[in-house]
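Close look at the chain arrangement
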Amino acid sequence: MLDADALPLTCPLPITHDTHVTLAHGGGGRRMQQLIERMFLPAFANPISEARHDGAVVAFGDVKLAFTTDSYVVQPLVFPGGDIGTLAINGTVNDLAMCGARPLYLSAGFILEEGLPLETLERVVHSMQQAAAATGVQLVTGDTKVVDKGKGDGLFINTAGIGIIAHDLHIAPASVEPGDAILLSGDIGRHGMAIMAMREGLAFDSTIESDCAAVAGLVQALLDAGITIHCLRDLTRGGLASALIEIAEAAHLHLNLDERIIPVREDVRGACELLGLDPMYVANEGRFVCFVPAAEVENALAVMRMHPLGVSACRIGHVAPDRAGRVTMQSRIGVSRIVDMLSGEQLPRIC
């Protein structure tokens, strides 16, 4: 068996002395990470933001709150399995859940382009109403702006959310430990491929629908069961690969995966092969990874599999103390390879 670390090869990052913003700066890969690290973090550095998590955890006396924000620019606005409205609610709810919080309140800001059909806007608002009700959150404040025709691409939405943390766990990359098991909540790649297929007018034997869903209920089930969760991360832009690389680098640990166990539906795998894409990097909007002690794997999986969004949950790897900041994966043919972040953009504007 070949070992990725036994080969004296290096693949330098491309020169990125950019003078203008590119789509790759929003793609969830290395270019976006560099933009954040070189521009935003130095400008707004503080102890809370250094956690590099899906949201900020702030304390007010004995009360701990999670706070997050996200913007949605997906195109098309309506896609199989959802629309920009369901995406905006579920995405922000999921970011709060990844902090171990119970989502409570959201805000919404709408940037509307002149000429947007009111029927489309009504559908999106109705979707947001339904998604919020299903998750038990309230949309309590908002804002609306309209821009000239041709300057807004229909509709952009920004949402922010607040949730309460009612436990003593510190759920963050810094809590990941050697020996932890890496659990995946379900199959990967559906959201990105649903968007791509519709955008490009691709027809397959069956329609690939987005996995867009709020996972807060599943996370709460794990917390209620007393599972010692060390870290959670949803698999949005950049997919499973980028999420795990971010955690490995933040925790200074080595994550080892087994590709043969990672669930990918056959229609998604076929679409990826047709388009030359790797499902490891394709976005999801209803999937997450969960790091737990090895001794709690069976209990955690049993809880996850009892929930509709965790039926196909599985253990996909483990954490090791060597090779800090690296993610490696045993391929389907038994070869160990390094999993690195994409430097460019696979699928622009998928969320």
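The structure under discussion appears in the preceding block.
The next subject is the packing of helix α4 (residues 190–200) against helix α7 (residues 266–275). In the contact formed by α4 and α7, the axes pass within 10 Å of each other and the chain directions differ by 55°. In this view, α4 runs oblique relative to α7, as classed from their interaxial angle. Regarding α4 and α7, the two cross each other, and that crossing is left-handed. Every residue of α7 that contacts α4 at Arg-190, Met-193 and Met-196 is listed here: Val-268, Ala-271, Cys-272 and Leu-275. In terms of residue class, the contact of α4 with α7 is made up of 6 nonpolar, no polar and 1 charged.

In space, the 7 strands of this open sheet follow the order β9-β11-β8-β12-β10-β13-β14, with mixed pairing throughout. Of all strands in the sheet, those with a lone pairing partner are β9 (231–234) and β14 (336–338), marking the two edges. Sheet twist, expressed as the mean angle between neighbouring strand axes with direction ignored, is 25°. Across 4 bridges, strand β10 (residues 254–258) lies against strand β12 (residues 314–320) in antiparallel orientation. By the bridge assignment, Leu-255 is partnered in β12 with Val-319.

This next bit is on helix α1 (residues 30–44). Counted at 1.5 Å a residue, the expected span for α1 with its 15 residues is 21 Å, and the 20 Å between its end C-alpha atoms agrees. Its maximal kink placed at Glu-37, α1 deviates by approximately 35°. Among all positions of α1, only Arg-30, Arg-31, Met-32, Gln-33 and Gln-34 are buried.

What follows is about the state of the cysteines. Per the stated rule, a full pass over the model turns up 0 disulfides. Here Cys-212 is not cross-linked by a disulfide; its sulfur's nearest cysteine counterpart is in Cys-351, at 10 Å. Exposure remark for Cys-212: the relative accessible area of 13% places this residue in the buried category. The thiol sulfur of Cys-231 is not disulfide-bonded, and the nearest other cysteine sulfur, from Cys-290, lies at 8.6 Å.

Let us now look at the nonpolar core. What tends to happen in soluble globular proteins is that the nonpolar side chains get buried as a cluster. In this structure, Leu-155, Leu-183, Leu-222 and Phe-288 are the most contacted members of the largest nonpolar core, which totals 56 residues. Considering each element in turn, this core owes the most residues, 8 residues, to helix α2 (residues 84–98). Other than its neighbours up to four places away in sequence, Leu-183 contacts Phe-288, Val-289, Cys-290, Val-292, Val-297, Ala-300, Leu-301, Met-304, Cys-314 and Arg-315. If you look at the next biggest cluster of nonpolar residues, it comprises 39 residues, including Ile-208, Leu-253, Val-282 and Cys-314.

What follows is about the pairing of strand β7 (residues 155–165). Sheet topology places strand β2 (residues 63–72) next to β7; 9 bridges connect them, and they run antiparallel. Within β7, the position partnered with Ala-66 by the bridge is Gly-163. Two strands pair when backbone bridges link them, and strand β5 (residues 102–113) and β7 are joined in this way by 10 bridges, in the antiparallel orientation. Paired with Arg-102 across the bridge in β7 is Ile-164.

A contiguous nonpolar patch, built from Phe-67, Tyr-105, Val-140 and Ile-162 and spanning about 360 Å² of accessible area, is present on the exposed surface. As for its placement among the helices and strands, Ile-162 is situated in strand β7.

What follows deals with the pattern of salt bridges. This model, assessed by the stated rule, comprises 11 salt bridges. The closest approach of N and O atoms between Glu-246 and Arg-233, which form a salt bridge, is 2.7 Å. You can see Glu-246 sitting in helix α6 (residues 239–251) and its partner Arg-233 sitting in strand β9, a full 13 residues away along the chain. A relative accessible area of 27% means that Glu-246 is categorised as partly exposed. Among the salt bridges present, the one from Asp-267 reaches Arg-265, with a minimum N-O distance of 2.7 Å. Overlapping salt bridges bring together Asp-187, Arg-190 and Arg-287 as one network.

This part is about the sheet that holds strand β1 (residues 56–60). The strand order β1-β2-β7-β5-β6 describes an open sheet built from 5 strands, whose pairing is mixed. Where the open sheet ends on each side, the last strands, each with one partner, are β1 and β6 (138–147). Going from strand to strand, the sheet's axes swing by 20° on average, the running direction of each strand aside.

So, how was this worked out
- Residues numbered from 1 in each chain as written.
- Predicted model: local features only at pLDDT ≥ 70, side-chain atom pairs only at ≥ 80, totals over all residues.
- Heavy atoms only, no water.
- Axes fitted to C-alpha atoms, helices over the stretch in contact; angles between N-to-C directions.
- Helix = DSSP H or I, 4+ residues; strand = E, 2+ residues; numbered from the N terminus.
- Parallel < 35°, antiparallel > 145°, perpendicular 65-115°, else oblique.
- Left-handed = near helix turned anticlockwise from the far one by under 90°.
- Contact = heavy atoms within 4.5 Å.
- Nonpolar A, V, L, I, M, F, W, Y, C, P; charged D, E, K, R; others polar.
- Pairing = 2+ DSSP bridges.
- Expected span 1.5 Å × (residues − 1).
- Bend = angle between axes of the 7 residues up to and from the residue.
- Buried < 20%, exposed > 50% of the residue type's maximum accessible area, 1.4 Å probe, protein only.
- Disulfide = S-S within 2.5 Å.
- Core = buried A, V, L, I, M, F, W, Y, C linked by side-chain atoms within 4.5 Å.
- Patch = residues over 30% accessible without salt bridge, like charges linked within 9 Å, V, L, I, M, F, W, Y side chains within 5 Å.
- Areas by Shrake-Rupley, 256 points an atom, 1.4 Å probe, with all protein chains shown as cover.
- Salt bridge = Lys/Arg side-chain N within 4 Å of Asp/Glu carboxyl O.

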